[in-house]
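Chain and residue survey
Letter by letter, the chains look like this.
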Amino acid sequence: MADTLDSLETRPPEQRERELMARLPQLVARAKAAAGWSRILRDVNAADITSRDALATLPVTRKSELHALQKLQPPFGGLNTTPVGQLARLYMSPGPIFDPEGRGQDWWRFGRPMYAAGVRAGGLLQNCFSYHFTPAAFMVEGGAARIGCGVIPAGSGQTEMQVQAISELRPDTYVGTPSFLKIIIEKAQEMGADISSMSKALLGAEALPESLRTWFADNGVPHVLQTYASADIGSIAFETRSGDVRHPGMVLDEDVILEIIRPGSGEPVAAGEVGEVVVTVFNPDYPLIRFATGDLSAVLTGVPDSPCGRTNTRIKGWMGRADQTTKVRAMFVHPSQVHEVARRHPEIVKARLVISGRMAQDVMTLHCEVADPAAASGAAIVESIRELTKLRGEVRFAAIGSLPGDGKVIDDIRDYT
């Protein structure tokens, strides 16, 4: 039997897609009842949004825009459909950015990554995410309540007390950042404390290089998995395993529709190509529709069925930031400007702006994939570059499919030495 939290995770992919698309019109209609979404989706007929193609016509709302939206209409930019006084908690992240939490069970959908990491009913975990202002610790609390395991609300800091709690209360799982787990293990070794009960870890909020994963295995925590989540969305994707074998990539949450788009645009990229993570989340209190995270990733293609039984799409995990804004000759150049140049010239299939040279001697070249270079107007494209960026740029034509599929719209290769 599949070792999954519920049967949704093992649905045939075609059934999952059909059921997610069937839920879209209701989600859009509910969102439009909120003032902020009503403004963003004012020309959208909810009943028409029944497919990925229809979804792709909707505007992208970027995480980078939240601060301005929230200042315009405090505290959540009018994106919440549940009144503030009926929410369970309100959080504040640097910026500040405010995030809501509703009252539903496992509101952040964190039970799935925790279950995949080996958390079970009757177990005990040490929750080392911060309980101060931000939601990560409460994501864990919600998942633990759904699964039915106990929680040591350790938070972050006070390393000696962390070690004492593990050695005396004997939790089987650590949940928190990779860097703090390493600090705890090193402190336990220094103190000569036995923390061997804690053989599993679910890690997030930081990168986890393979060298550190190996270090954990060599130092008593062999079962380590990552989760990919954010303070506005909750769980997006997570790693899985069968026994000691970790499966490729991260499997998507069941209440998320994922798109990978070309940074600076709203256009989905081809399967397997790197782009910006955009999610639509079925959250009744805080629906997010085509919400651009600012993170880069790619859908894994050609992946065999996972032995864990989960059938959802897998992504490569976090691959960097999508905001490639850079400064050229004292002027900011944005991926959206590159996208607009390409939009004005339909012969451009794909564009990549390369900044080369040395500081103060910048050379800006727009590499354009076109089917027929002889039919493309380099002079007209140069003029569009100048009009949109207020900078002089060159154009170089390339064959279809020759530009890298690494998600970069602006590639800064200047010599900064």
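Residues numbered from 1 in each chain as written. Predicted model: local features only at pLDDT ≥ 70, side-chain atom pairs only at ≥ 80, totals over all residues. Heavy atoms only, no water.

1. Considering the sheet that holds strand β19 (residues 348-358)
Spatially, the four strands line up as an open sheet ordered β21-β20-β19-β22, and their pairing is mixed. Every other strand in the sheet has two partners, leaving β21 (394-398) and β22 (410-412) as the edge strands with one partner each. Mean inter-strand twist for the sheet, computed between neighbouring axes without regard to direction, equals 25 degrees. Inspection of the sheet shows β19 paired to β22 by three bridges, in the parallel sense. When the sheet's bridge partners are listed, L353 is paired in β22 with I410. Against the sheet, helix α10 (residues 335-344) engages β19, β20 (361-370) and β22, with an angle of about 135 degrees to β19. Across the sheet, helix α11 (residues 378-389) is in contact with β19, β20 and β21; its angle to β21 comes to roughly 130 degrees. (Pairing = 2+ DSSP bridges. Helix = DSSP H or I, 4+ residues; strand = E, 2+ residues; numbered from the N terminus. Axes fitted to C-alpha atoms, helices over the stretch in contact; angles between N-to-C directions. Contact = heavy atoms within 4.5 Å.)

2. Overview of the nonpolar core
With 60 residues, the main nonpolar core has L24, W37, I49, M114, L125, V279 and I289 as its most contacted residues. For L24, the contacting residues outside a window of four places in its chain are I49, S51, L55, I257, T280 and F282. Grouped together as the second largest cluster of nonpolar side chains are 20 residues, I348, M364, V370 and I381 included. (Core = buried A, V, L, I, M, F, W, Y, C linked by side-chain atoms within 4.5 Å. Buried < 20%, exposed > 50% of the residue type's maximum accessible area, 1.4 Å probe, protein only.)

3. Focus: the state of the cysteines
On inspection of all chains with the given rule, the structure shows zero disulfides. C128 takes part in no disulfide bond, and the closest cysteine sulfur, belonging to C149, lies 14 Å away. A residue is classified by how much of its surface remains accessible, and C128, at 3% relative accessible area, is buried. The exposure class assigned to C149 is buried, which follows from its relative accessible area of 11%. (Disulfide = S-S within 2.5 Å.)

4. Brief notes about the pattern of salt bridges
Under the defined criterion, the tally for this structure stands at 35 salt bridges. For the salt bridge of R146 with D106, the shortest nitrogen-to-oxygen distance reads 3.5 Å. Remark: D106 occurs in the loop between β3 (97-101) and α5 (111-116) and R146 occurs in helix α6 (residues 136-147); sequence separation between them is 40 residues. Residues joined in a network through salt bridges with shared partners are D6, E9, D106, R109, R112, R146, D253 and R310. (Salt bridge = Lys/Arg side-chain N within 4 Å of Asp/Glu carboxyl O.)

5. Looking at the pairing of β21
Note that β20 and β21 share five bridges and pair parallel. Opposite L366, over in β21, you have V395 as the bridge partner.

6. Re the packing of aromatic side chains
For the structure on display, the rule yields six aromatic pairs. When the centroid spacing of 5.8 Å and the interplanar angle of 45 degrees are considered together, the rings of Y91 and F138 count as tilted. Of the two residues, Y91 is situated in strand β2 (residues 89-93) and F138 in helix α6; the sequence distance between them amounts to 47 residues. Under the relative-accessibility criterion, Y91 is labelled buried at 4%. Looking at F138, the relative accessible area reads 16%, which means it is buried. Taken together, the aromatic side chains of Y91, W107, W108, Y131 and F138 make up a single cluster linked through ring pairs. It is R23 that lies over the ring of F282; its NZ or CZ is 4.1 Å from the centre. Across the ring face of W215, the terminal group of K182 is positioned such that the distance to the ring centre comes to 4.8 Å. (Phe/Tyr/Trp six-rings, centres within 6.5 Å; stacked < 30°, edge-to-face > 60°. Lys NZ or Arg CZ within 6 Å of the ring centre and 35° of its normal.)

7. Describing the packing of α10 against α11
At a minimum axis distance of 10 Å, the contact between α10 and α11 shows a crossing angle of 145 degrees. Read as a crossing pair, α10 and α11 show a hand that is right-handed. Side by side, α10 and α11 meet where Q337, E340, V341 and R344 of the first sit next to I381, S384, I385, E387, L388 and T389 of the second. Among the residues making up the contact of α10 with α11, the classes are represented as four nonpolar, three polar and three charged. (Left-handed = near helix turned anticlockwise from the far one by under 90°. Nonpolar A, V, L, I, M, F, W, Y, C, P; charged D, E, K, R; others polar.)

8. Re the side chain of E101
Within the fold, E101 resides in strand β3. Non-local contacts of E101, meaning those with residues more than four positions away in its chain, are made with L87, A88, R89, Y91, W107, W108 and F138.

9. Side note on the pairing of β19
When β19 meets β20, the two strands line up antiparallel, connected through ten bridges. Note on β20: the bridge partner recorded for A351 is C368.

10. Notes on α11
Helix length check: α11 (twelve residues) gives 16 Å between terminal C-alpha atoms against 16 Å at 1.5 Å per residue, within 8%. Within α11, burial applies to I381, S384, I385, L388 and T389. In a view along the axis of α11, the buried residues occupy a sector of 100 degrees, so they form one face of it. Looking at the buried positions of α11, the neighbouring elements they touch are β18 (331-333), α10, β19, β20 and β21. One or two steps after α11, the chain reaches K390, where phi turns positive at roughly 65 degrees. (Expected span 1.5 Å × (residues − 1). Arc of directions from axis to C-beta.)

11. Topic: the sheet that holds strand β14 (residues 275-281)
Taken in spatial order, the four strands of this open sheet run β1-β15-β14-β13, and their pairing is mixed. Both edges of this open sheet fall to β1 (61-62) and β13 (256-261), since each of them pairs with a single strand only. Lying on the sheet, helix α1 (residues 13-32) is in contact with β13, β14 and β15 (288-297); it crosses β13 at an angle near 90 degrees.

By themselves, these observations are geometric and do not establish any function.
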